[in-house]
Amino acid sequence: MNENTIKGNWEQVKGNVQKKWGELTNDELDQINGDRKILAGKIQEKYGRAEDEAEREIDEFERSY
């Protein structure tokens, strides 16, 4: 899955994103709107992750989706 796939399927994917990163609010999911950079930023902010760690988590999520 690539960024375009996430963005194109955001309505289907965001439920799984919220399951994985439960601290993200519905408003934040709407702001993210499939944008990987915004998602990574929110993960860093909410979970105190480093940028590379957040990116790694997203990569793992994409592989499992």
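Residues numbered from 1 in each chain as written. Predicted model: local features only at pLDDT ≥ 70, side-chain atom pairs only at ≥ 80, totals over all residues. Heavy atoms only, no water.

A. Representation of the nonpolar core. Judged by nonpolar contacts, the single largest core of 14 residues is most densely connected at Trp10, Val17, Trp21, Leu24 and Leu39. At the level of secondary structure, the elements contributing two or more residues to this core comprise α2 (10-20), α3 (26-32), α4 (36-47) and α5 (51-64). Not counting the four nearest positions on each side in its chain, leucine 39 is found in contact with Val17, Trp21, Leu24, Ile32 and Ile58. (Core = buried A, V, L, I, M, F, W, Y, C linked by side-chain atoms within 4.5 Å. Buried < 20%, exposed > 50% of the residue type's maximum accessible area, 1.4 Å probe, protein only. Helix = DSSP H or I, 4+ residues; strand = E, 2+ residues; numbered from the N terminus. Contact = heavy atoms within 4.5 Å.)

B. Inspection of the packing of α4 against α5 at higher detail. Contact geometry for α4 and α5: axes closest at 9 Å, N-to-C directions at 120 degrees. One element, α4, and the other, α5, form an angle in the oblique class. As for how α4 packs across α5, the hand of that crossing is right-handed. Residues Arg36, Leu39, Ala40, Ile43 and Gln44 of α4 pack against Glu51, Ala54, Glu55, Glu57, Ile58, Asp59 and Glu62 of α5. Broken down by class, the residue content of the contact of α4 with α5 amounts to five nonpolar, one polar and six charged. (Axes fitted to C-alpha atoms, helices over the stretch in contact; angles between N-to-C directions. Parallel < 35°, antiparallel > 145°, perpendicular 65-115°, else oblique. Left-handed = near helix turned anticlockwise from the far one by under 90°. Nonpolar A, V, L, I, M, F, W, Y, C, P; charged D, E, K, R; others polar.)

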